[in-house]
Amino acid sequence: MNAKIVVIKGDGIGPETVSEAMRALAVIGKRFGHTFHLQEYEAGGCAIDHSGSCLPDDTLAACLVADCVLFGAVGGPKWDSLPQHLVPERALLTMRDKMGLYANLRPIKMFPQLYHASPLLPQVAAQGIDLMLVRELTGGIYFGSHDIVLRGGQSVASDLMSYSESEIERIARTAFEMAKKRHGRVVSVDKSDVLSCSRLWKEVVHRIARDEYPSIQLTDMLADSIAMQLMRNPWQFDVVLTENMLGDVLSGEACMLTGSIGMIPSASLGDGTVGIYEPIHGSAPDIADQNIANPIGAILSIAMMLRSSFGLLSEAEAIETGVNRVLDDGYRTVDIMSAGCVPVSCSKMGELIAGAILSSQMYRKIARTLPQPSVQGSKKSKKAADFF
Ligand code: NAD
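Scoring rules and cut-offs
Residues numbered from 1 in each chain as written. Predicted model: local features only at pLDDT ≥ 70, side-chain atom pairs only at ≥ 80, totals over all residues. Heavy atoms only, no water. Helix = DSSP H or I, 4+ residues; strand = E, 2+ residues; numbered from the N terminus. Rg over C-alpha atoms; globule rule 2.2 N^0.38 Å. Buried < 20%, exposed > 50% of the residue type's maximum accessible area, 1.4 Å probe, protein only. Contact = heavy atoms within 4.5 Å. Areas by Shrake-Rupley, 256 points an atom, 1.4 Å probe, with all protein chains shown as cover. Lys, Arg positive; Asp, Glu negative; His and termini not counted. Charge placed at Lys NZ, Arg CZ, Asp CG, Glu CD. Core = buried A, V, L, I, M, F, W, Y, C linked by side-chain atoms within 4.5 Å. Domains from an automatic or database assignment. Axes fitted to C-alpha atoms, helices over the stretch in contact; angles between N-to-C directions. Parallel < 35°, antiparallel > 145°, perpendicular 65-115°, else oblique. Left-handed = near helix turned anticlockwise from the far one by under 90°. Nonpolar A, V, L, I, M, F, W, Y, C, P; charged D, E, K, R; others polar. Salt bridge = Lys/Arg side-chain N within 4 Å of Asp/Glu carboxyl O. Near = heavy atom within 4 Å. Polar contact = N/O pair within 3.5 Å; in protein donor to acceptor, adjacent residues only side chain to side chain.

## Section: the overall build of the protein chain
Move 1: On a plain count of helices and strands, the protein chain comes out with 13 helices and 14 strands.
Move 2: A compact globule built from 388 residues should have a C-alpha radius of gyration of about 21 Å, and the protein chain, at 21 Å, falls within 12% of that.
Move 3: Sorting the 388 residues of the protein chain into buried and exposed places 56% on the buried side.
Move 4: The long-range share in the protein chain, meaning contacts at least 24 apart out of those at least 6 apart in sequence, stands at 77%.
Move 5: Element-wise, carbon and sulfur atoms account for 53% of the exposed surface of the protein chain, whose accessible area totals about 16,300 Å².
Move 6: Positive and negative side-chain charges of the protein chain, numbering 36 and 43 respectively, have mean locations separated by a distance of 8 Å.

## Describing the nonpolar core
Move 1: Counting residues in hydrophobic clusters, the biggest one holds 100 residues, and the most contacted among them are Ile5, Phe176 and Leu306.
Move 2: Residues lining this core come from more than one domain, with at least three contributed by each of domain 1 (1-102 + 270-388) and domain 2 (107-263).
Move 3: With residues near it in sequence (within four places) discarded, Phe176 still touches Val186, Val205, Ile208, Ala209, Tyr213, Ile216 and Leu218.

## Observations concerning the packing of helix 6 (residues 165-181) against helix 7 (residues 196-212)
Move 1: Axis separation between helix 6 and helix 7 bottoms out at 9 Å; the angle between their running directions is 50°. One way to sum up the angle between helix 6 and helix 7 is to call them oblique. Viewed along their axes, helix 6 and helix 7 form a crossing whose handedness is right-handed. Note on element contacts: helix 7 touches helix 6 through Leu200, Trp201, Val204, Val205, Arg207, Ile208, Ala209 and Glu212, opposite Glu165, Ile168, Glu169, Ile171, Ala172, Arg173 and Phe176.
Move 2: The class makeup of the residues in the contact of helix 6 with helix 7 is ten nonpolar, no polar and five charged.

## Comments concerning the pattern of salt bridges
Working definition: two side chains of opposite charge can pair if their charged atoms are close together.
Move 1: Inspection of the entire model under this criterion finds 18 salt bridges.
Move 2: Across the pair Lys109 and Asp130 runs a salt bridge whose closest N-O atoms are separated by 2.9 Å. Here the residue Lys109 occupies a position in strand 4 (residues 103-109), and Asp130 occupies one in strand 5 (residues 130-136), the gap between them amounting to 21 residues.
Move 3: Under the relative-accessibility criterion, Lys109 is labelled buried at 12%.
Move 4: Judged by its relative accessible area of 14%, Asp130 falls in the buried class.

## A word on the site of the ligand
Move 1: The local shell around the ligand holds 20 residues, among which Val74, Glu89, Gly282, Ala284 and Asn294 are the closest.
Move 2: Between the ligand and the protein, one listed contact pairs an oxygen atom with a backbone N or O atom of Ser283 at 3.0 Å.
Move 3: A distance of 2.7 Å is found between an oxygen atom of the ligand and a backbone nitrogen or oxygen belonging to Ala284.
Move 4: Taken by itself the ligand offers 800 Å² of open surface, and the protein chains cover 67% of this.
Move 5: The residue inventory of the shell around the ligand, partitioned by class, reads nine nonpolar, seven polar and four charged.

Interpretation in functional terms is not warranted from these geometric data alone.
Written out as structure tokens, the structure is:
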């Protein structure tokens, strides 16, 4: 394996968590004999500061010829007052669009060691969470026209949401294919009680299911209903299919149920193997530059990359096994901390996971420098492969 990977760390905690993901990738290369050529480029607020553009031409050009992209997070209060078309977050939207990455996969899975960190009732959390959120990424309201005009002496804002049949067809197929590999169930989310886009969405999703995936069990659920069901019984979901904005909002809720937004990875994919891999968290300006962010979502994004873009299954599993071992042994960043566990920084968490990936000997050497947890993870993991 000889892969060309563009790395965009971005703003806030992006550089901190992506550095730990790069550390994990480096040890995978060392252990399995792969060469990963990493090239760093800028996007987001830091790029605005240095070049005036949130997505400089050389960054986009590099992404368009890379085997895949590792992305951190962009944005922050410093750039919030810029006109909408210039804000850092536009970088990611443009990259997804230009790279043709229309499907965002977010595995929302609760590690059993972290039941206590979930805001769910203990009896609900104990059932676990294991769903794949498939979110449409390059259509809908985020890509429509956005206007604020003066009308009748006051400002009036509008955002256009539109979806074509072909945009819905391809994301529906992604969700059904995913369900074939999992438990064969898809819940399609809409607001068909009020939105035309949702009516078309529902009609097209059902047509694809009927004509191409008759063995998949398809259920419709209104967005407000699934928001409640996620709190009540998240275990019922297998694959959840949503349009762009609803997916954004629902994944924020769903990931928090697993304990922390810092735990969840994601992949943005199109028709080929190229993808953008990123933790789903934002730039978290409130904890930036303190070395306390949770890097696990970024590290698990590398596992998704190895599996989806490069077909390196053992390598991906080695990362997941490493994460499990560190959680099993009771090491925690502050966002998932609980009694009896040992608090570690962002970089120490990355170091422990990299050590666990490389060898038991290396892991024990790093762990010996830390205090010993008095209570190990409340509930130990099963096999790493059970997680993704
Ligand atoms: P956020 O995800 O940055 O933070 C939400 C909360 O979760 C904060 O309290 C933060 O401290 C915490 N948190 C986030 N990641 C964490 C981690 N790895 N470990 C521990 N705690 C973590 O969302 P936000 O506050 O709504 O947004 C902040 C900025 O990030 C905004 O400018 C927003 O536009 C941007 N953003 C960027 C992306 C992206 O680049 N993909 C995604 C979401 C938000």
